[in-house]
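This is what each chain is made of:
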Amino acid sequence: MKRTCPALALLALIAATPALAQDSDTEPTWHLGGFGTLGAGYHSRDGIQFRRDLEQAKGYEGGKLGFRTDTRLGVQANATFNPRWSAMMQGVSWLNSEGNWQPQVTWAFVRYSPTDWLDLRFGRLGVDIYLDGDSRHVGYAYTPARPPSEVFGMVTQDRFDGMDVTLRHALGSGVASLKLYGGRSRGDYYLFGQPYTSPYARTLGATLEWSGESLTLRAAWGDIHTQDDTSLQPLARALSSVALPAPFQAQQALAQLRASEIDGFYHLTFSTVSAQYEDGPFSLQTLLGWERHTNFPGYEGWGTSVIAGYRIGAWKPYVTYARSCFGPKERSLVLPPLVPQLTQLQSFYDLVVNRLNSDQHSFGAGVRYDFASNYALKFQVDHVSARESTLLMDNSGMPARNTSLTLYSVVVDFVF
Amino acid sequence: MTPAIRTFIRRGLALWLALGCACCWATGIAVIVNPASGVDSLSREEVSHLFLGRIKNLSSGLSAVVIDTLPQREAFYQALLGRGITEIDAYWARLRFSGRTQPPLRLGDANAVLERVAHERGAIGYVDSALVDRRVKTVLRLDY
C-alpha cells in the first residue's frame, strides 16, 4: 500500500499509549466489515472516456462495455476499547491515477470521545465534503450509481494525515455540530495523460452541520495549500527568457510578467452549502459549491447537484442533475509567431491556461433495487454534455471539448 | 336472565376487554431503558437521535448502549421515522464506513434485549409493548 507509514505509525503509537489501557474498563470489541461495487458501463461516443473523478487514469471507453470505473472493494476493521477510545482502519482498492488497483489506506485513526459532545480523531482522515458520508467509495450509501461527478469528482485530494475535532450540541429539535480538521493532504490526479501528485500540501477545513429528524443542513469550507510545486517552472523559464525585437517589447514585457506570476505555492479552496431532506419514502439532496484555485493562471468556478428519489418497497426510482463551471482568470498573452519556438511556446501557454477548464452538465435517471439485505442493484442512464471537461478525456488522456454522451450503467453495491 | 347467564356474559365481556387491551398494547413498540438509568421519558426526537447515532449519551448522562431487536427493526424504524429498513441500512453505511460511529448493537430476539437492558444501566432498546416487564422501564411508546 502506498504512503501509509505516517498514518499507521500514528495509529500504532496512540493505540499503545498507557492512557488508553488505563481508561479501559471493558474488553475491546472488534468488527471486521467492508463494502464494494461491481459496476459496468457503456456509451457509444468513440474516442471519449468517461471518468467519475479526476483521479482515475482510465474510464468507460466509447463503444466498449467497461467494468473498471465504478468497481471497487473496501475492507474495514473497527476496534472499540471502551466508550471513550476506539480505532478504525480502512483499505480500498479502486482504479487509481496510475491505472492500477493497488489498495490504499483511506482511513486509519484513533478516536477519543471524552464527552458526548466532543470527538477527537488522529491519523488518516477524510475531508468532509460529501453529504452522504465522508467517502466517495461507498456506493451502497448513495442513492445513485455514483456521486455526481461534476461536483464530487473534482476534489480527489480528499484524505489527509492529521486530526479533526467535532463539537456537538442540541439545537432546537436537532443536533448541531462543528468539525475542524487539518493535516497533510493525500490524494492524486490524472490529467493530460499522466498521474500527478502534489509534492507537499496541507489541508485545513471546517464543517457546520445541523441534523433534524428529516432535514440535514451543512456548510463546509476547505483549503488545500500546495507548496514547492515545480511543474510549471519550465513554462516560467521559457517565458522569462523570451527576447523579442524592438516592435514587440510590450509582448516581451507581458511574457515576463506572466513568468513572474507562476509560482509553486497555491491554494485550492472550496465552500459548499448543502441540504438533505428525507421524509418517509421521499428524499431530496442538493449541493451548491464554489471553488477557487490560485495556481497559475488562477481559476474560479461553481458546481451544483440535485438528487431526488422516492422509495416504493424495494425499489427507489431517482433523478439526478449536476453542473460544473470552472474557468481561468484573464491572463492573455499573444506572442508574435516569428520563429517556430515562439509558436510552440504560445501553444504550450494556451494549453496551460486552459488546462483545468470545465463546463459540463449531466442529467440522470435510474432505479435502485434493494434485492437483499445489504445488497443494492442500480440501473442508471446519464446524458453528459461538455463544452470543456477535465473528467471526460480522449484516449490519450487529454481533456475533451464540445462532446456529449449517454452512459448506461449497472452496478451492484454491497456491504458486509 | 339467570345468574349463570349473567356471570357468563360478565366473564365474556371481561375477557373481551382484556384481550382487546392486550391487542392494543401488542400493536405498539415500547422503547425501554434500565430502571436505574435515571431516565423517566424520552421524546421521539431524542430516541431518533440516539438510534441514528447523533448523540451517544442518555439524557441522564450515561453512555448509551443502543440495541436493535432484529425481528422488529423494520417496524421500529417505520414507526419512529417513517423510513424503510433499506434506507436505514444505507444511512448506517454512510456513517459506518466514514468512521463517524458504529450502528446499534443487534440482538436476535426480545428476550435477549430485555435481559441486556435489565442488566446494563446505559442500555436502551425496544420490544413489543406486551412483553415489557418490571425489569425495564418504558420511556416512549410507538404505534405500528
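Residues numbered from 1 in each chain as written. Chains lettered and ligands numbered in written order. Predicted model: local features only at pLDDT ≥ 70, side-chain atom pairs only at ≥ 80, totals over all residues.

Draft legend 1. Looking closely at the overall build of chain B. Each helix and strand in chain B was counted, giving five helices and five strands. Considering only contacts in chain B between residues 6 or more positions apart, those separated by 24 or more positions represent 71%. (Helix = DSSP H or I, 4+ residues; strand = E, 2+ residues; numbered from the N terminus. Contact = placed C-beta atoms within 7 Å.)

Draft legend 2. Representation of the overall build of chain A within the structure. Summing up its helical and strand segments, chain A has six helices and 20 strands in all. Over its C-alpha trace chain A gives a radius of gyration of 23 Å, about what one expects of a compact globule, namely 22 Å for 416 residues. Principal-axis analysis of the C-alpha atoms gives chain A an extent of 80 × 50 × 40 Å. Among the 416 residues that make up chain A, the fraction classed as buried is 44%. Contacts spanning at least 24 positions in sequence make up 63% of the contacts within chain A whose residues lie at least 6 apart. (Rg over C-alpha atoms; globule rule 2.2 N^0.38 Å. Buried ≥ 20, exposed ≤ 12 C-beta atoms within 10 Å, placed from the backbone.)

Draft legend 3. Focus on helix α2 (residues 44-51) of chain B. Counting buried positions along α2(B) yields six of eight residues, so the element is predominantly enclosed. Regarding α2(B), the residues found buried are B:Glu46, B:Val47, B:Ser48, B:His49, B:Leu50 and B:Phe51. On its buried face, α2(B) is in contact with β9 (174-186) of chain A together with β1 (28-33), β2 (65-69), α3 (73-81), β4 (123-128) and β5 (137-143) of chain B.

Draft legend 4. Just the interface of chain B and chain A, in detail. Counting residues at the interface gives 23 residues for chain B and 29 residues for chain A. Of all the secondary structure elements, the ones that give two or more residues to the side of chain B that touches chain A are α2 and α4 (85-96) of chain B. The element contributing the most residues to the side of chain B that touches chain A is α4(B), with seven residues. Grouping the amino acids of the side of chain B that touches chain A by side-chain chemistry returns six nonpolar, ten polar and seven charged. (Nonpolar A, V, L, I, M, F, W, Y, C, P; charged D, E, K, R; others polar.)

Draft legend 5. Region of interest: unusual backbone geometry. Residue and element names in this part refer to chain A. Between Phe296 and Pro297 the backbone carries a cis peptide bond, its omega angle lying at 5°. Mapping Pro297 onto the fold places it in the loop between β15 (282-293) and β16 (299-310). Even without a glycine there, the phi angle at Asp228 is positive, about 55°. With respect to the element layout, Asp228 can be found in the loop between β13 (215-227) and α4 (233-240). Of note, Asn374 is a non-glycine position whose phi angle comes to about 75°, a positive value. According to the C-beta neighbour criterion, Asn374 is partly exposed, with 16 such atoms within 10 Å.

Draft legend 6. Summary view of the sheet that holds β1(B). Residues and elements named next belong to chain B. Spatial strand order, β3-β2-β4-β1-β5: five strands in an open sheet with mixed pairing. The two strands at the open ends of the sheet, each matched to only one other strand, are β3 (105-107) and β5. Taken pair by pair, the neighbouring strands of this sheet meet at an average axis angle of 25°, ignoring direction. Examined bridge by bridge, β2 and β4 share two bridges and lie parallel to one another. The residue of β4 that forms the bridge with Val65 is Ala123. Helix α5 (residues 110-119) rests against β1, β2, β3 and β4 of the sheet, and its axis sits at about 145° to β4. (Pairing = 2+ DSSP bridges. Axes fitted to C-alpha atoms, helices over the stretch in contact; angles between N-to-C directions.)

Draft legend 7. Fine view of the pairing of β4(B). Residues and elements named next belong to chain B. Counting buried positions over the six residues of β4 gives five, a clear majority of the element. Note that β1 and β4 share five bridges and pair antiparallel. What sits directly across from Ile29, in β4, is Asp128.

Draft legend 8. Seen up close, the confidence of the model for chain B. All names here are of chain B. Within chain B, residue pLDDT values average 86, and 81% of them lie at 70 or more. Within the model, pLDDT remains below 50 along residues 13-25, and this stretch shows three contacts once partners closer than five positions in the same chain are excluded. Scored by ipTM, the complex comes to 0.83, with pTM at 0.86. (pLDDT = per-residue confidence, 0-100.)

Draft legend 9. Molecular detail of the pairing of strand β5 (residues 85-94) of chain A. Residue and element names in this part refer to chain A. Extensive coverage of β5 is indicated by the burial of eight of its ten residues. Strand direction decides the pairing type here: strand β4 (residues 72-80) and β5, joined by nine bridges, are antiparallel. Looking across to β5, one finds that Ala77 is bridged to Met89. Count of turn residues in the β4/β5 antiparallel hairpin: four residues. Strand direction decides the pairing type here: β5 and strand β6 (residues 104-115), joined by eight bridges, are antiparallel. For Met88, the partnering residue across the bridge sits in β6 and is Phe109.

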